[in-house]
Amino acid sequence: MNIAHLLLGSAQEFRDYTALARGNEPYLGFRDLWRKVSVMSMHLRGRFGLAAGDRVAFAMTNCVESIEVMYAIWHAGLCAVPMNAKLHAKEFAFILGNSGAKLCFVTPDLAATIAEAARDAPAVKEIVDITTRPYTFMAVGDPVPMADAEPTDPAWLFYTSGTTGRPKGAILTHRNLLAMTLNYFADVDRPPAGSSMVHAAPISHGSGLWNFPMMARGVVQVFPESGHYDVAETVGLMNRWPDCSIFLAPTMVKRLIEHPAVRELRPGALRLITYGGAPMYVSDLKRAMETLGNVLCQLYGQGESPMTITHLSLDMHAHTDHPRYEEHLASAGVADTCVEVRVVDEDGKQVPIGDVGEIIVKGDTVMAGYWNNPEATAKSLRAGWLWTGDVGAFDGDGFLTLKDRSKDMIISGGTNIYPREIEDVLNLHPAVAECSVVGRPHPEWGEEVVAFVVARPGATLAPAELDRLCLDNIARFKRPKDYKFVDALPKNNYGKILKTELRTLL
Ligand code: AMP
């Protein structure tokens, strides 16, 4: 099945419902979107001469056209390569070169950068700016039937955010994306037709993946006119469009609840916030629930099993009388319906409940491999299981608590220390805005714990206060031996903290 069938189905079932909106204004209904996509696909195969399986990249600030471009690509039987709009020209060049994309769509703000990047990616034959005639001309002509696609055909090359090295292109097949979509309905939500979703996070990543369940259910996808996450604008859109869902990284949730505009949110306007992609600290989660009510659902996934490993549902967030409620809030929830999740030792043997090990996943959402990277594929996919590189532990109720990326774990005096646990404690201090904990080589202990801390504006922090907090909450040997106060933490384009860079500052 071609994943573009989701649009065809909605064009039949929800014909004149709005499919896409630009800020406050409707852009296209489902039937018109399907027609446009179908005509565009004819141009891709005819005018641009692309053949089944060819890769088509795009570098676009979030906008309605990103959805029509993606569906035109699939309708034509091609493979999409969405790139984060904030990447550097060299990173674009790497992805264009690695994917072998022949065509790249751009928003005008990125035209010059992509032209520069494409000089190092000879396969790219054409760059199409969506505000120019070559693009508008793609809407002229007659619809053509959708190309056949096998469930195993690559549909989306999902380039990882590269917190530890060069990005890798996880091959997501039509089957992977369909399984992820159905899993949304099983574990997250089944939004009604006519409800809405605002795309505030990058369309090349989590927010873009959520387009599928929305497309399938007749939900209007709203693109902020600014093209990025502006809290006041987002709140305005949540008030404008009915029954709104949104995907936000944990730092974006924090920005939402700390912004004065959150007080203007109409009761009932917000249907659901799915958050994930990085740790949500319990203190932040509780504040978010106090401010917004029970509208939060957590996801743990990775590009290699998109948005689908575990979830902490709306109900689990609301289950305050559960005897282990606090632990559940600090966890990433239970295994998703479409996957099997295990915690294993180095040999792949399941460890007992409560023990920490690497998280491995099997199921229909797990990628087919990394594009053009057999070594990385062999490391990540072993005997049908995806080795996530994340470490965690299951409890007796089946809740998975994530500890860290295995590479971020600190080994001091032969004992494993998980930075997240220390970060959770430091975040309890009201003057701590953000923090991140890494290991520093130590001649005697192997490594010692160092905390990078950003104080809230106007606040001062003394190491002794943080030390006290740690002594009150965690084992003595885990507390940081050094606190480094900094103005900001280095982050990548998805807002993830770059521990690799912090380690160079030690
Ligand atoms: P990416 O492939 O760029 O989406 O990054 C996936 C990684 O982000 C995972 O392997 C985890 O390390 C981290 N991650 C994703 N979801 C969560 C979550 N809910 N809590 C903590 N870390 C997460």
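Residues numbered from 1 in each chain as written. Predicted model: local features only at pLDDT ≥ 70, side-chain atom pairs only at ≥ 80, totals over all residues. Heavy atoms only, no water.

Description of the sheet that holds strand S1 (residues 18–22)
And step 1. Pairing in this open sheet of nine strands is mixed, and the strands run S2-S1-S10-S9-S11-S12-S13-S14-S15 from one edge to the other. Strands at the two margins of the open sheet, each flanked by one partner only, are strand S2 (25–29) and strand S15 (334–335).
And step 2. Relative to strand S13 (residues 296–302), strand S12 (residues 270–276) runs parallel, the two being bridged by four bridges. For isoleucine 273, the partnering residue across the bridge sits in S13 and is leucine 296.
And step 3. Packed onto the sheet, helix H3 (residues 64–75) meets S1, S2 and strand S10 (220–223) and runs at close to 140° relative to S1. (Pairing = 2+ DSSP bridges. Helix = DSSP H or I, 4+ residues; strand = E, 2+ residues; numbered from the N terminus. Contact = heavy atoms within 4.5 Å. Axes fitted to C-alpha atoms, helices over the stretch in contact; angles between N-to-C directions.)

Considerations on the layout of surface pockets
And step 1. If you add up the space inside the second largest pocket, you get close to 610 Å³.
And step 2. Contributing elements (two or more residues each) for the lining of the second largest pocket: helix H12 (282–292), helix H14 (325–329), strand S19 (385–394), strand S20 (400–405) and helix H16 (419–426).
And step 3. Here the lining of the second largest pocket takes four residues from H16, the largest share from any one element.
And step 4. Of the residues in the lining of the second largest pocket, the class split is 10 nonpolar, four polar and eight charged.
And step 5. When we break the lining of the second largest pocket down by domain, the ones giving at least three residues each are domain 1 (5–388) and domain 2 (410–504). (1 Å grid on protein atoms, 1.4 Å probe; cavity = no way out; pocket = protein on both sides within 12 Å on 5 of 7 lines; lining within 4 Å. Points joined across faces, edges and corners; volume = space filled by probe spheres on them. Nonpolar A, V, L, I, M, F, W, Y, C, P; charged D, E, K, R; others polar. Domains from an automatic or database assignment.)

Quick word on the domain arrangement of the chain
And step 1. Taken domain by domain, the chain holds domain 1 (5–388) and domain 2 (410–504).
And step 2. Tallying the contact residues gives 23 residues for domain 1 and 15 residues for domain 2.
And step 3. Both sides together, the interface formed by domain 1 and domain 2 hides about 1600 Å², and carbon and sulfur atoms give 46% of it.
And step 4. Summed over the shared surface of domain 1 and domain 2, the result is one salt bridge.
And step 5. Glutamate 258 is the salt-bridge partner of arginine 456, the closest N and O atoms lying 3.5 Å from each other.
And step 6. Secondary-structure elements contributing two or more residues to the side of domain 1 that touches domain 2 are helix H11 (250–258) and H12. (Buried area = accessible area lost by both parts, 1.4 Å probe. Salt bridge = Lys/Arg side-chain N within 4 Å of Asp/Glu carboxyl O.)

What to know about the pairing of S19
Look at any regular strand and the pattern is simple: side chains alternate between the two faces of the sheet.
And step 1. Of all 10 residues in S19, 10 are buried; the element is thus mostly enclosed.
And step 2. Relative to S19, strand S17 (residues 357–363) runs antiparallel, the two being bridged by four bridges. Counted as the bridge partner of glutamate 358 is valine 391 from S19.
And step 3. With two bridges connecting them, strand S18 (residues 381–382) and S19 associate as antiparallel partners. What sits directly across from arginine 382, in S19, is tryptophan 385.
And step 4. Judged from the five bridges that link them, S19 and S20 form a sheet pairing that is antiparallel. Residue pairing for S20: valine 391 is matched across the bridge by aspartate 404. (Buried < 20%, exposed > 50% of the residue type's maximum accessible area, 1.4 Å probe, protein only.)

Some thoughts on the site of the ligand
And step 1. If you check the shell around the ligand, you find 16 residues, and the closest are Leu299, Gln302, Gly303, Asp390 and Lys496.
And step 2. In this structure, an oxygen atom belonging to the ligand sits 2.8 Å away from a side-chain N or O atom of glutamine 302.
And step 3. For the ligand, whose free accessible area comes to 500 Å², the fraction covered by protein is 89%.
And step 4. For the shell around the ligand, the secondary-structure elements that each account for two or more residues are S13 and S20.
And step 5. The biggest single contributor to the shell around the ligand is S13, with five residues.
And step 6. Taken together, the residues of the shell around the ligand sort by class into five nonpolar, eight polar and three charged. (Near = heavy atom within 4 Å. Polar contact = N/O pair within 3.5 Å; in protein donor to acceptor, adjacent residues only side chain to side chain. Areas by Shrake-Rupley, 256 points an atom, 1.4 Å probe, with all protein chains shown as cover.)

Overview of the pattern of salt bridges
And step 1. Across all of its chains, the model carries 25 salt bridges by this definition.
And step 2. A salt bridge links lysine 254 to aspartate 284; its shortest N-O distance comes to 3.9 Å. In this pair, lysine 254 is assigned in helix H11 and aspartate 284 in helix H12, connecting sequence segments 30 residues apart. One exposure class covers both lysine 254 and aspartate 284, and it is buried.
And step 3. For aspartate 472, the salt bridge identified is with arginine 468, shortest N-O distance 3.2 Å. Remark: arginine 468 and aspartate 472 occur in helix H17 (residues 463–473); sequence separation between them is four residues, near one turn of the helix.
And step 4. Using a relative accessible area of 51% as the deciding quantity, one classes aspartate 472 as exposed.

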